[in-house]
Amino acid sequence: METLDKDLRSIQEVRTLIKKSKEAQVKLAAMSQEQIDAIVKAIADAGYKNRVKLAKMANEETGFGRWEDKIIKNAFASKHVYESIKDMKTVGILSEDKVNKVMEVGVPVGVIAALIPSTNPTSTVIYKAMISLKAGNSIVFSPHPNALKCIMETTRLINEAAMAAGCPEGAIACISVPSIQGTDQLMKHKDTALILATGGTPMVKAAYSSGTPAIGVGPGNGPAFIEKSADFALAVKRIIDSKTFDNGTICASEQSIVVEKCSKDAVMAELTKQGAYFLSTEEADKLGKFIMRPNGSMNPQIVGKSVEHIASLANLQIPAGTRVLIAHETRVGHNVPYSREKLGPILAFYVEEDWKAASERCAEILHSEGAGHTMTIHSENDEIIRYFGLHMPVSRLLVNTPGTLGGIGASTAIAPALTLGCGAIGGGSTSDNVSPLHLMNTRKVTFGLRELEDLKEEPAQDNTSTISNLDKEQLISAIVKRILEEM
């Protein structure tokens, strides 16, 4: 018997999964809010219950990050996200305005194609499944090949829990034979209603080019500005905590530090005190060769790796206890590796004359890479914070908080999410943290309040006809009187 090639097997599997997913979604669409909520809670509970197991699987399979931090991400994706969405009204009648006679009805979009990255594999599956099912949609995952086992296991666990709570079979599915051709088929299939794209820039661009509506995220490259009024010790703690969390695999993590000239020495001393190691010019050059590949993309050898592993790649000798590597930088650009996104414990360090020059540097970094994503500012000066809020090309300006935790909504009050929109400036369709509200349509049921006659305007009065309608004798008398008065 002839065996199909991998790409053909992948394409056929996708077609089969979408067919089942569409059938399941029809059943989901007929469910009540209470039934949907029971399914979502089951997914959250399963994700939280298996958070340790899945964290260790992801770390072992991909080699990225720290399993201890991946436990926190799994807990965040299940418990924290669930708490934020559990009371949302997403199906059936959402609201009724009896005065203006407008009713809003929640309508699922259908089958969602979800691209899953290797940097945050298990947490992203839990999160995307919850927000999709909450809006009455079914979901088919396209896993990164390097994280296939942990993604498949996460899918299995949450699917079993969901089905036990009444979820139709096929509503949560995952491609077991991943390939570029299979993912392409998933994104372009006529029954795929929406793409949730999280991954590298080429994959996100492919999603937007597929012809199917898509929500994707651009690269993060957020600078962190430590303004002179900040508490330096606390600002440095937050930045290092953020940059070392899961070895920097979350795209909202800081990529550079910007300080004013007057603060340089104090900030550098605090960074060194808290475990940062400033590279010499020679050391920075050696490490710089490992940050980017010749084609300009990030080197996967540094992604999510420890400081020790990264230092060994560049044959660097670093002090014991080093938490993050920092290189002095004065340039920004595609060919300047330290000014780019680095999903590992590596930071650039910029020194500017004053806060205004620092703001210009931050904007330059973001326009080079990361526009529309996230940046942080550490400051007690409300006027400067407001200026940054009005002028920085980002969707999230985080104030006095770690970039990683603030961006995803863990340490801030924005929507908890693992898909962070970058808006039009970042090539995206939304600037929000993506929630179930982005995965549904709203049908307006609206009653007529006015008739055509009510919309017609009163005829405009023609003032030019006033004099011509005056009595001729009165007009002549008025003219004669005026002439006699002037004599």
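Residues numbered from 1 in each chain as written. Predicted model: local features only at pLDDT ≥ 70, side-chain atom pairs only at ≥ 80, totals over all residues. Heavy atoms only, no water.

Novice: So what's going on with the sheet that holds strand S2 (residues 102-108)? Which residues, and what values?
Specialist: Taken in spatial order, the three strands line up as S1-S2-S15 in an open sheet, and their pairing is antiparallel. Both edges of this open sheet fall to strand S1 (92-97) and strand S15 (440-446), since each of them pairs with a single strand only. Strand-to-strand twist in this sheet, taken as the mean axis angle between neighbours without regard to direction, amounts to 25°. As judged from the seven bridges shared by S2 and S15, these two strands associate in the antiparallel manner. Residue Val 102 lies in a different strand from S15, and its bridge partner there is Thr 446. (Pairing = 2+ DSSP bridges. Helix = DSSP H or I, 4+ residues; strand = E, 2+ residues; numbered from the N terminus. Axes fitted to C-alpha atoms, helices over the stretch in contact; angles between N-to-C directions.)

Novice: Explain the layout of surface pockets to me, using residue names and the numbers behind them.
Specialist: Here the second largest pocket is characterised by a volume of approximately 310 Å³. As for the second largest pocket, its lining consists of 16 residues, and the residues nearest its centre are Asn 159, Glu 169, Gly 170, Ile 172 and Ala 173. Among the secondary structure elements, those contributing two or more residues to the lining of the second largest pocket are helix H1 (6-29), helix H6 (148-164) and strand S5 (172-174). Here the lining of the second largest pocket gets six residues from one element, more than from any other, and that element is H1. For the lining of the second largest pocket, the residue count by class is six nonpolar, four polar and six charged. (1 Å grid on protein atoms, 1.4 Å probe; cavity = no way out; pocket = protein on both sides within 12 Å on 5 of 7 lines; lining within 4 Å. Points joined across faces, edges and corners; volume = space filled by probe spheres on them. Nonpolar A, V, L, I, M, F, W, Y, C, P; charged D, E, K, R; others polar.)

Novice: How would you summarise a negative patch on the surface if you had to cite specific residues and measurements?
Specialist: Together, Asp 231, Glu 380, Asp 382 and Glu 383 make up a region of like negative charge exposed at the surface. On the secondary structure map, Glu 380 appears in the loop between strand S13 (374-378) and helix H14 (382-391). Judged by relative accessible area, Glu 380 falls into the exposed class, the value being 54%. (Patch = residues over 30% accessible without salt bridge, like charges linked within 9 Å, V, L, I, M, F, W, Y side chains within 5 Å. Areas by Shrake-Rupley, 256 points an atom, 1.4 Å probe, with all protein chains shown as cover. Salt bridge = Lys/Arg side-chain N within 4 Å of Asp/Glu carboxyl O. Lys, Arg positive; Asp, Glu negative; His and termini not counted. Charge placed at Lys NZ, Arg CZ, Asp CG, Glu CD. Buried < 20%, exposed > 50% of the residue type's maximum accessible area, 1.4 Å probe, protein only.)

Novice: For the pattern of salt bridges, give the residues involved together with the corresponding values.
Specialist: Applying the stated criterion across every chain yields a total of 21 salt bridges. Where Asp 45 meets Lys 41, a salt bridge forms, and the shortest distance between an N and an O atom there is 2.9 Å. Highlighted residues: Asp 45 and Lys 41, both in helix H2 (residues 33-49), separated by four residues, approximately one helical turn. The exposure class assigned to Asp 45 is partly exposed, which follows from its relative accessible area of 42%. In this structure Lys 41 comes out as partly exposed when scored by relative accessible area, which is 38%.

Novice: Account for the packing of helix H3 (residues 51-62) against helix H4 (residues 67-85), with residues named and values stated.
Specialist: The contact between H3 and H4 brings their axes to 8 Å, and the two run at 130°. Put simply, H3 runs oblique to H4. Both H3 and H4 take part in a crossing whose hand is right-handed. Counting all contacts with H3, which are made through Arg 51, Val 52, Leu 54, Ala 55, Lys 56, Ala 58 and Asn 59, the residues of H4 involved are Trp 67, Lys 70, Ile 71, Asn 74 and Ala 75. By residue class, the composition of the contact of H3 with H4 is seven nonpolar, two polar and three charged. (Parallel < 35°, antiparallel > 145°, perpendicular 65-115°, else oblique. Left-handed = near helix turned anticlockwise from the far one by under 90°. Contact = heavy atoms within 4.5 Å.)

Novice: Lay out the packing of aromatic side chains with the relevant residues and their values.
Specialist: Across all of its chains, the model carries four aromatic pairs by this definition. The interplanar angle of 90° and the centroid separation of 5.4 Å between the aromatic rings of Phe 278 and Phe 349 together place this pair among those described as edge-to-face. Linking Phe 278 in strand S10 (residues 276-278) with Phe 349 in strand S12 (residues 346-352), this pair joins segments that are 71 residues apart in sequence. Like Phe 278, the residue Phe 349 is buried in the burial classification. Judged by centre distance (6.4 Å) and plane angle (70°), the rings of Tyr 387 and Phe 388 are edge-to-face. Through a chain of ring-to-ring contacts, the aromatic side chains of Phe 225, Trp 355, Tyr 387 and Phe 388 assemble into a single cluster. Over the ring of Tyr 48 we find Arg 51; its NZ or CZ atom is 3.9 Å from the centre of that ring. The ring of Trp 67 carries the charged tip of Lys 56 above its face, separated from the ring centre by 4.7 Å. (Phe/Tyr/Trp six-rings, centres within 6.5 Å; stacked < 30°, edge-to-face > 60°. Lys NZ or Arg CZ within 6 Å of the ring centre and 35° of its normal.)

Novice: Now, about the pairing of strand S6 (residues 192-197): what can you tell me, with residues and values included?
Specialist: The side chains of a regular strand alternate between the sheet's two faces. Judged by how many residues are buried, S6 sits mostly within the fold: five of six residues are covered. Strand direction decides the pairing type here: strand S3 (residues 111-116) and S6, joined by five bridges, are parallel. From the neighbouring strand, Val 111 faces S6, where its bridge partner is Thr 192. Pairing analysis gives three bridges linking S6 to strand S7 (residues 214-216), with the strands arranged parallel. Paired with Leu 196 across the strands is Ile 215, a residue of S7.

Novice: Would you mind going over H6 in detail, with residue names and values included?
Specialist: Owing to its 3.6 residues per turn, the α-helix brings residues three or four apart onto one side. The end-to-end C-alpha distance of H6, which contains 17 residues, comes to 24 Å, matching closely the 24 Å that a straight helix rising 1.5 Å per residue would cover. Listing the buried residues of H6 in full gives Cys 150, Ile 151, Glu 153, Thr 154, Thr 155, Leu 157, Ile 158, Asn 159 and Ala 162. Buried-residue contacts for H6 involve H2, H3, S3, helix H5 (121-134), strand S4 (138-143) and S5. (Expected span 1.5 Å × (residues − 1).)

Novice: Which residues make up the environment of Ala 269, and what values go with them?
Specialist: By secondary structure assignment, the location of Ala 269 is in helix H10 (residues 264-273). In this structure Ala 269 comes out as partly exposed when scored by relative accessible area, which is 46%.

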